[in-house]
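What follows is each chain in one-letter form.
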Amino acid sequence: MDDLDHRLLGLLRADARQPVAGLAAALKVSRATVRARIDRLVGSGVIAGFTVLLRKDLRPAMVRAITMIEVEGRAAETVIARLHGFPEVRTVYTTNGRWDVVAEIETESLEAFDDTLRRVRQIAGIASTETSILLSARKAVL
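Given the structure is predicted, the values throughout are model-derived calculations rather than measurements. (Residues numbered from 1 in each chain as written. Predicted model: local features only at pLDDT ≥ 70, side-chain atom pairs only at ≥ 80, totals over all residues. Heavy atoms only, no water.)

As enumerated under the stated definition, the model contains 0 aromatic pairs in all. We note Arg98 situated over the ring of Trp99; from NZ or CZ to the ring centre the distance is 4.1 Å. (Phe/Tyr/Trp six-rings, centres within 6.5 Å; stacked < 30°, edge-to-face > 60°. Lys NZ or Arg CZ within 6 Å of the ring centre and 35° of its normal.)

Inspection of the entire model under this criterion finds 12 salt bridges. For Glu104, the salt bridge identified is with Arg64, shortest N-O distance 3.0 Å. Of the two residues, Glu104 sits in strand β3 (residues 101-107) while Arg64 sits in strand β1 (residues 63-71), which places them 40 residues apart along the sequence. A relative accessible area of 15% places Glu104 in the buried class. In this structure, Glu106 and Arg64 form a salt bridge, with 3.4 Å as the shortest nitrogen-oxygen distance. Here Glu106, found in strand β3, pairs with Arg64, found in strand β1; they are 42 residues apart in sequence, far enough to count as distant. Look at Arg64 and you get partly exposed, because its relative accessible area is 33%. (Salt bridge = Lys/Arg side-chain N within 4 Å of Asp/Glu carboxyl O. Helix = DSSP H or I, 4+ residues; strand = E, 2+ residues; numbered from the N terminus. Buried < 20%, exposed > 50% of the residue type's maximum accessible area, 1.4 Å probe, protein only.)

Nonpolar side chains in soluble globular proteins generally cluster together in the buried interior. Ile69, Val79 and Leu83 are the most contacted members of the largest nonpolar core, which has 18 residues in total. Secondary structure elements with two or more residues in this core: β1, α4 (76-84), β3 and α5 (110-121). The dominant element in this core, judged by the number of residues it contributes, is β1, at 4 residues. Setting aside chain neighbours within four positions, we find Ile69 in contact with Leu83, Trp99, Asp100, Val101, Ala103, Val120, Ile126, Ser128 and Thr129. (Core = buried A, V, L, I, M, F, W, Y, C linked by side-chain atoms within 4.5 Å. Contact = heavy atoms within 4.5 Å.)

Bringing unusual backbone geometry into the picture now. For Lys28, which is not glycine, the phi torsion reads 60° and is therefore positive. One can find Lys28 in the loop between α2 (20-27) and α3 (31-43). With relative accessibility at 75%, the residue Lys28 sits in the exposed group.

Turning our eyes to something else, we now look at the packing of α2 against α3. Where α2 meets α3, the axes come as close as 8 Å, and the angle between the chain directions of the two elements is 105°. When the axis of α2 is compared with that of α3, the two are roughly perpendicular. Contacts between α2 and α3 involve Val20, Ala21, Leu23, Ala24 and Leu27 on the former and, on the latter, Arg31, Val34, Arg35 and Ile38. Looking at the contact of α2 with α3 residue by residue, the classes come out as 7 nonpolar, no polar and 2 charged. (Axes fitted to C-alpha atoms, helices over the stretch in contact; angles between N-to-C directions. Parallel < 35°, antiparallel > 145°, perpendicular 65-115°, else oblique. Nonpolar A, V, L, I, M, F, W, Y, C, P; charged D, E, K, R; others polar.)

This part is about the pairing of strand β2 (residues 89-94). In this structure, β2 lies alongside β3, joined through 5 bridges in antiparallel fashion. The residue of β3 that forms the bridge with Thr94 is Val101. Remark: 6 residues form the turn of the hairpin made by β2 and β3, two consecutive strands paired antiparallel; Gly97 in that turn has positive phi of roughly 90°. (Pairing = 2+ DSSP bridges.)

Right, let's talk about the sheet that holds β3 for a bit. Read across the open sheet, the 4 strands follow the order β2-β3-β1-β4; overall the sheet is antiparallel. Of all strands in the sheet, those with a lone pairing partner are β2 and β4 (126-134), marking the two edges. Recorded for the sheet is a direction-independent mean angle of 20° between the axes of neighbouring strands. Sheet topology note: the β1/β4 ladder contains 8 bridges and is antiparallel. Counted as the bridge partner of Ile66 is Ser132 from β4. Contacts between α4 and the sheet are confined to β1, β2, β3 and β4, with β2 contributing the most and set at about 165° to the helix. Helix-sheet contacts for α5 involve β1, β3 and β4, and the interaxial angle to β4 is about 160°.

Written as structure tokens, this is what we have:
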């Protein structure tokens, strides 16, 4: 990926509904160049898909949190596999430092969150966890 690809991706992150002509004008290249770049980025998997963002007032009030997980011994792959089985776990990251794994959790209520967190903590191989509930987003990144 070159600088033009990065600038194109930045514009698409800000508003993926921009017409190709508008993107081309902003990037000072032809529409054919923009179309070819988008097709290449989609074809190579750099752009994995497109999504719809709903207005905040149309989205249910979800409880979102980050759970940092310390894994016992060499159980990381087993713990990660178990986390993938939870529909409430949106993303799982491996990391360095005190925590071995970070899980993004999203539920529809605090009660559902409490239940999910209880079940996560019961996974064999988890030594300890620390959870922070996400209060508000200051910048949305897609």
